[in-house]
Amino acid sequence: MSTAGVISLERDTPELARSYEQAGILQFHHGKFLIGPLALKSGDHVLDIGAGTGRLTEFVAGLVGPAGRVIGIDPLENRIAIARLRASETLTFDVGRAEDLSRFGPAQFDAVYLNSVFHWIADKQQALREIERVLKPGGRIGLNVQDPTKPHESRTLLRKAIEQAGFGERSSESHRVLGATDDELRALFAETGFVEYRSDLRSLVDLHGDVRSVLGWSEASAFGNFLGGFSQAERAAIDAAFAALIETKRTPEGLRLERYLRFAFARKPGSHPTPSVS
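Throughout what follows, the structure given in this document is the object of discussion. Here the structure is a predicted model, which means the values were calculated and not measured.

## Describing the nonpolar core
Consideration 1: Residues Ile131 and Ile141 are the most contacted members of the largest nonpolar core, which totals 29 residues.
Consideration 2: Sorting the residues of this core by element identifies strand E1 (45-49), strand E2 (69-74), strand E4 (109-114), helix H5 (124-134), strand E5 (135-145), helix H7 (182-191) and strand E8 (254-267) as the ones contributing at least two each.
Consideration 3: In this view, Ile131 contacts Ile49, Leu101, Val112, Leu114, Ile141 and Phe194; residues no more than four positions away in its chain are not counted.
Consideration 4: If you look at the next biggest cluster of nonpolar residues, it comprises 26 residues, including Trp120, Val211, Phe230 and Ile238.

If you want it as structure tokens, here you go:
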């Protein structure tokens, strides 16, 4: 797994959080592909790690019904502030990180999921250990993650834009993520006690109305880490090159960009009957 560069949680702002909420429908639709295989049912207790502004968490709360409970956590306070506007008797939000779930007791959840979150986590093994601890026997985990062997189309174009702007030697400073391959995920899940691991790489399509939408989504989803190592003048040059490259992806429906995510599922061993995650 790539560990180049540092991902900061301190660069997020209320403005970025609001932009994320407005544009987050893209991530919401991708996240729904996680939920079906978890086979959630009425009364389930579910943990959403990296809940952002809570759009998908709210959807899940509707699936588990009034007898269930859903908790969403995220390390970014600005996003949790928006998510709390969605709170209800069965849906709560709090600031928290995947690597430390000590606020939760053992075997508390039927399912845990991470939607486009795992590639921001540096200590993936610790996060999975914590998830395994808070899952009930037979509990399910689902996540999607960027696979470094198949980067998003926007990331490929961004790297090319950095080179065109004359900063090719600094391309590692752009929109850093800590992705994982199928082999790396399989090993991590096995090391942390999960069974019945399976994953598949999916191609998803984002449609944007204009270049500003693409740049806004890139900045908001990276919570301030998009081109975070560059000065304002350097960013302006890169943004201009990036915008020109993005325009080559225009179709009658809008700017069409492919996003690639690896979806992975497994369960905690246990004798309790649980739905299949296949």
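## A short note on helix H8 (residues 211-221)
Consideration 1: Listed in full, the buried residues belonging to H8 are Val211, Val214, Leu215, Trp217, Ser218, Ala220 and Ser221.
Consideration 2: Those residues of H8 that are buried are in contact with helix H1 (14-23), helix H2 (25-35), helix H4 (77-83), strand E6 (195-208), helix H9 (232-247) and E8.
Consideration 3: The opening residue of H8, the one whose side-chain oxygen lies 3.3 Å from the backbone nitrogen of Arg212, is Asp210.
Consideration 4: Directly beyond the C-terminal end of H8, a positive phi value near 40 degrees is found at Phe223.

## Details of the side chain of Thr57
Consideration 1: Topologically, Thr57 is positioned in helix H3 (residues 55-64).
Consideration 2: Its relative accessible area of 0% is what places Thr57 among the buried residues.
Consideration 3: Within polar-contact distance, the side chain of Thr57 engages the side chain of Asp48 at 2.8 Å.
Consideration 4: Setting aside chain neighbours within four positions, we find Thr57 in contact with Asp48, Ala51, Val70, Ile71, Gly72, Leu91, Phe93 and Tyr113.

## Section: the packing of aromatic side chains
Consideration 1: Across all of its chains, the model carries seven aromatic pairs by this definition.
Consideration 2: Between the aromatic rings of Phe104 and Phe109, the centroid separation amounts to 5.2 Å while the plane-to-plane angle is 85 degrees, which identifies the pairing as edge-to-face.
Consideration 3: Taking the relative accessible area as the measure of exposure, Phe104 reaches 7% and is therefore buried.
Consideration 4: A centroid spacing of 5.3 Å and a plane angle of 55 degrees characterise the contact between Phe189 and Tyr197, whose relative ring orientation is tilted.
Consideration 5: We classify Phe189 as buried; its relative accessible area is 0%.

## Overview of the pattern of salt bridges
Consideration 1: For the structure shown, the criterion picks out 22 salt bridges.
Consideration 2: One salt bridge connects Asp12 with Arg79, and the closest N-O pair in it is separated by 2.7 Å. Residue Asp12 is located in the segment before H1, and its partner Arg79 is located in helix H4; the two are separated by 67 residues in the primary sequence. As far as the burial class goes, Asp12 and Arg79 line up, both buried.
Consideration 3: Shared partners join several salt bridges into a network, and the residues in it are Glu21, Arg55, Glu58 and Arg86.

## Considerations on the environment of Arg198
Consideration 1: Its location among the elements puts Arg198 in strand E6.
Consideration 2: Using a relative accessible area of 45% as the deciding quantity, one classes Arg198 as partly exposed.
Consideration 3: When the C-alpha atoms of Arg198 and Phe263 are compared, they prove to be 8.4 Å apart, with 65 residues separating the residues in sequence.

## Overview of the environment of Pro75
Consideration 1: With respect to the element layout, Pro75 can be found in the loop between E2 and H4.
Consideration 2: In this structure the C-alpha to C-alpha distance between Pro75 and Glu10, which are 65 residues apart in sequence, comes to 9.8 Å.
Consideration 3: The residues contacting Pro75, other than those within four sequence positions of it, are Leu9, Val95, Gly96 and Arg97.

## Points about the packing of helix H6 (residues 153-164) against H9
Consideration 1: In contact at an axis separation of 8 Å, H6 and H9 are set at 130 degrees when each is read in the N-to-C sense. Here H6 is positioned oblique relative to H9, judged by the angle of their axes. Of the two elements, H6 crosses H9, and the hand of that crossing is right-handed. Contact residues: H6 offers Ser154, Leu157, Leu158, Lys160, Ala161, Ile162 and Gln164, while H9 offers Ile238, Ala241, Phe242, Leu245 and Ile246.
Consideration 2: Considering only residue class, the contact of H6 with H9 consists of nine nonpolar, two polar and one charged.

## Considering the side chain of Asp147
Consideration 1: Relative to the assigned elements, Asp147 resides in the loop between E5 and H6.
Consideration 2: Here the side chain of Asp147 touches Arg262 through a polar contact of 2.9 Å, side chain to side chain.
Consideration 3: If we skip the residues at most four places from it in the chain, Asp147 touches Ala180, Thr181, Asp182, Leu201 and Arg262.

Conventions used here
- Residues numbered from 1 in each chain as written.
- Predicted model: local features only at pLDDT ≥ 70, side-chain atom pairs only at ≥ 80, totals over all residues.
- Heavy atoms only, no water.
- Core = buried A, V, L, I, M, F, W, Y, C linked by side-chain atoms within 4.5 Å.
- Buried < 20%, exposed > 50% of the residue type's maximum accessible area, 1.4 Å probe, protein only.
- Helix = DSSP H or I, 4+ residues; strand = E, 2+ residues; numbered from the N terminus.
- Contact = heavy atoms within 4.5 Å.
- Polar contact = N/O pair within 3.5 Å; in protein donor to acceptor, adjacent residues only side chain to side chain.
- Phe/Tyr/Trp six-rings, centres within 6.5 Å; stacked < 30°, edge-to-face > 60°.
- Salt bridge = Lys/Arg side-chain N within 4 Å of Asp/Glu carboxyl O.
- Axes fitted to C-alpha atoms, helices over the stretch in contact; angles between N-to-C directions.
- Parallel < 35°, antiparallel > 145°, perpendicular 65-115°, else oblique.
- Left-handed = near helix turned anticlockwise from the far one by under 90°.
- Nonpolar A, V, L, I, M, F, W, Y, C, P; charged D, E, K, R; others polar.

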